[in-house]
Amino acid sequence: MNEVVRYTYRLRPGGTAEEALLAEWGRCRWLWNEAVHQQKSGRKPTFARLGKLLTEARAKLPWLRDGSQVAQQQTLRDYAQSLDHSFKVKGRGRPSAKSRKTSLPSLQYTTRGFSIRDGRLALPRGLTIPVVWSRELPSPPTSVRVYRDSLGHWYASFVVRREIQVHPSGHGGIGIDWGVSTTATATDPTFDLPHSGHRRRCAAELARAQRKMARRHRKGRAQSRGYAQAKREAARLLKKAARQTVHSSRVWAKRVVDRHDLIAVEDFEPLFLAKSTMARKAADAAVGAVKRELVQRAVRAGRKVVMVRPAYTTMTCSSCFARAKQRLELHERDFRCESCGFRDDRDRNAARVILAVAERGHVSVEDVRQSDSPPSGAVSVAIRAGDLLAVRQQSR
Ligand SMILES: [Zn+2]
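Here's a quick rundown of the structure. (Residues numbered from 1 in each chain as written. Predicted model: local features only at pLDDT ≥ 70, side-chain atom pairs only at ≥ 80, totals over all residues. Heavy atoms only, no water.)

## Points about the overall build of the protein chain
In terms of helices and strands, the protein chain carries 10 helices and 15 strands. By residue count, 41% of the 396 residues in the protein chain fall in the buried class. A fraction of 66% describes how many contacts in the protein chain between residues 6 or more apart in sequence connect residues 24 or more apart. Accessible area for the protein chain stands at about 23,000 Å²; split by element, carbon and sulfur atoms hold 51% of it. (Helix = DSSP H or I, 4+ residues; strand = E, 2+ residues; numbered from the N terminus. Buried < 20%, exposed > 50% of the residue type's maximum accessible area, 1.4 Å probe, protein only. Contact = heavy atoms within 4.5 Å. Areas by Shrake-Rupley, 256 points an atom, 1.4 Å probe, with all protein chains shown as cover.)

Structure, rendered in structure tokens:
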């Protein structure tokens, strides 16, 4: 069995190659904007009509003919898809014009438009670009998207088929509680995910770059080159930290999914309140990303995933299910049950409550308290595989 996935690599185009890529993007962007213009003038641009637009424009404009036909066709295909999507999804705006200053270059090529020769990505008109092959492609790619990010780095994202990876069969369940200082606290401490240390290591460097930015900032006037440099440096450090966070969360999620067949997670929704601190916002964002990674992986591996509502999870005893009368203050790290005397770390207790709720076939502490039925008799409301995403999309 095969699955279709993307493999992304860094590109290292020289000055000439970068110029050629940007020129290609300029032509594709012009076409996109031309299609937007047509749509505004009332004619609904079907794909056939867009094809005609391309043929006519290429016949009329020599500078457009200089570009790759494949990339231009793909731009219009993207446009048609985006338009289609905007009709299907409520509240989504129609595709708008891409401005030269704010849009990021992105070019798509099918097999007619690219190949891999001598370790380089070969594009139409003799353009070849060195690729940093950080891992091996599992199969010959069927298409590639060449794009530049906000830092000016170029990437090639290949669409490839690969064998579906067999997941070892997991044993038992795991409960996960999200937090600030420890991103994920698990029922089993060996599966805890600490708040990424590299961000802390990066923080000093980042603070230095940001101070430099502040020093060089000129109020109400055009910014200096030194300021732009400092800004770029800060952006680079932020991106680096983000990449490392993504990496460690992937490694962690794989380990959790490989060893368990029931995964119960606190259904955490970040609020991004204006009054919350920057640290809190960063931690919330980290939790959001890790949770998404874990759930996607677990669903793909066919694990049972239960999203448990966070209400009362920190106030309930994981041993006897009695609820504390008062909410624990944030600084109180220990949970102590008044009914049975059970003591544990507060986050660990919450993780155990989350798992216990899921094992009883429920999605919230309240359900367990109200049903009062033994675990075996409980109605299973756990959600499997594809259902989970479907349910969550509906509820949105
Ligand atoms: Zn208790």
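## Thoughts on the packing of aromatic side chains
Applying the stated criterion to the full structure yields eight aromatic pairs. When the ring of Trp30 is compared with that of Trp63, the centres are 5.2 Å apart and the planes differ by 80°; the resulting orientation is edge-to-face. One end of the pair, Trp30, is in helix H1 (residues 15–40); the other, Trp63, is in helix H3 (residues 62–65), with 33 residues separating them in the sequence. For Trp30, a relative accessible area of 29% corresponds to the partly exposed category. Note on Trp63: relative accessible area 38%, which makes it partly exposed. Cluster of aromatic residues (ring-pair linked, three or more members): Tyr9, Phe114, Trp133 and Phe158. (Phe/Tyr/Trp six-rings, centres within 6.5 Å; stacked < 30°, edge-to-face > 60°.)

## A short note on the coordination of the zinc ion
On the protein side, the zinc ion has Cys317 (SG), Cys320 (SG), Cys337 (SG) and Cys340 (SG) as donor atoms, found 2.3 Å from it. Every donor residue of the zinc ion comes from the same chain, spaced as C-x2-C-x16-C-x2-C. Here Cys340 lies in the loop between strand E13 (334–336) and strand E14 (343–345) and Cys320 lies in the loop between strand E12 (304–308) and E13, a separation of 20 residues in the sequence. (Donors = N, O, S within 2.8 Å, 3.2 Å for Na, K, Ca; no water.)

## A closer look at the packing of H1 against helix H2 (residues 47–60)
Helix-helix packing is characterised by the crossing angle of the two axes and by the distance between the axes. Closest axis-to-axis distance for the H1/H2 pair is 11 Å, and the angle between their directions is 125°. Of the possible angle classes, the one that applies to H1 and H2 is oblique. Where H1 crosses over H2, the two elements pack in a sense that is right-handed. Of the residues in H2, those touching H1 at Trp30, Leu31, Glu34, Ala35 and Gln38 are Leu50, Leu53, Leu54 and Ala57. Broken down by class, the residue content of the contact of H1 with H2 amounts to seven nonpolar, one polar and one charged. (Axes fitted to C-alpha atoms, helices over the stretch in contact; angles between N-to-C directions. Parallel < 35°, antiparallel > 145°, perpendicular 65-115°, else oblique. Left-handed = near helix turned anticlockwise from the far one by under 90°. Nonpolar A, V, L, I, M, F, W, Y, C, P; charged D, E, K, R; others polar.)

## Focus: the nonpolar core
The biggest cluster of nonpolar side chains holds 24 residues, and the ones touching the most others in it are Leu11, Leu21, Tyr109, Leu121, Leu123, Val146 and Phe158. Elements with a minimum of two residues in this core: strand E1 (2–11), H1, helix H4 (69–88), strand E2 (106–110), strand E4 (120–123), strand E5 (127–132), strand E6 (143–148) and strand E7 (154–163). Here Tyr109 is in contact with Glu24, Ser68, Val70, Ala71, Phe114, Leu123, Pro124, Ser143, Val144 and Val146, once residues within four sequence places are set aside. Counting 23 residues, the second largest nonpolar core, distinct from the first, contains Ala184, Val290, Ala301 and Met307. (Core = buried A, V, L, I, M, F, W, Y, C linked by side-chain atoms within 4.5 Å.)

## Focus on the environment of Thr183
If you trace the backbone, Thr183 turns up in strand E9 (residues 182–186). Spatially, the C-alpha atoms of Thr183 and Ser196 are 8.0 Å apart, while their sequence positions differ by 13 residues.

## Some thoughts on the sheet that holds E6
An order of E2-E6-E7-E1-E5-E4-E3 is seen for the seven strands of this open sheet, with the pairing classed as antiparallel. On the outer flanks of this sheet lie E2 and strand E3 (115–117), each paired with one strand and no other. Between one strand axis and the next, the sheet turns by 35° as a mean value, whatever way the strands run. Note: E3 against E4, three bridges, orientation antiparallel. (Pairing = 2+ DSSP bridges.)

## Examining helix H8 (residues 346–359)
End to end, H8 covers 20 Å across 14 residues, agreeing with the expected 20 Å (1.5 Å per residue, within 8%). For H8, a buried count of 12 out of 14 residues is recorded, marking the element as mostly surrounded by other parts of the structure. When we look at burial in H8, the residues that qualify are Arg346, Asp347, Arg348, Asn349, Ala350, Ala351, Val353, Ile354, Leu355, Ala356, Val357 and Ala358. The distance from a side-chain oxygen at the start of H8 to the backbone nitrogen of Asp347 is 3.2 Å, and the residue carrying that oxygen is Asp345. Once H8 finishes, Gly361 follows within two positions and takes phi at roughly 80°, a positive value. (Expected span 1.5 Å × (residues − 1). Polar contact = N/O pair within 3.5 Å; in protein donor to acceptor, adjacent residues only side chain to side chain.)

## Brief notes about the pairing of strand E11 (residues 262–266)
The side chains of a regular strand alternate, first on one face of the sheet and then on the other. Among the five residues in E11, five count as buried, and that is most of the element. Residues Leu262, Ala264 and Glu266 of E11 are buried on one face, and the alternating residues Ile263 and Val265, pointing to the opposite face, are buried as well.

## With respect to the packing of H1 against H4
Closest axis-to-axis distance for the H1/H4 pair is 9 Å, and the angle between their directions is 40°. Crossing handedness for the pair H1 and H4: right-handed. Facing Glu24, Arg27, Cys28, Leu31, Trp32, Ala35, Val36 and Gln39 of H1, the residues of H4 in contact are Ala71, Gln72, Thr75, Leu76, Asp78, Tyr79, Ser82 and Leu83. Of the residues in the contact of H1 with H4, the class split is nine nonpolar, four polar and three charged.

## Some thoughts on a positive patch on the surface
Judged by side-chain charge, Arg208, Arg211, Lys212, Arg215 and Arg216 come together as a positively charged surface patch. Among the structural elements, Arg208 can be located in helix H5 (residues 197–216). Of the residues examined, Arg208 reaches a relative accessible area of 51% and is grouped as exposed. (Patch = residues over 30% accessible without salt bridge, like charges linked within 9 Å, V, L, I, M, F, W, Y side chains within 5 Å. Salt bridge = Lys/Arg side-chain N within 4 Å of Asp/Glu carboxyl O. Lys, Arg positive; Asp, Glu negative; His and termini not counted. Charge placed at Lys NZ, Arg CZ, Asp CG, Glu CD.)

## Focus: the pairing of E5
Going residue by residue along E5, you find Leu127, Ile129 and Val131 tucked away on one face and Thr128, Pro130 and Val132 left uncovered on the opposite face. By the bridge criterion, two bridges tie E1 to E5 in an arrangement that is antiparallel. Each residue of the ladder has a partner; that of Arg10, found in E5, is Val132. Of the pairings in the sheet, the one linking E4 to E5 comprises four bridges and is antiparallel in character. Residue pairing in the sheet places Arg120 in a bridge with Pro130 of E5. Counting the residues in the hairpin turn of E4 and E5 gives three residues, including Arg125, whose phi is positive at 65°.

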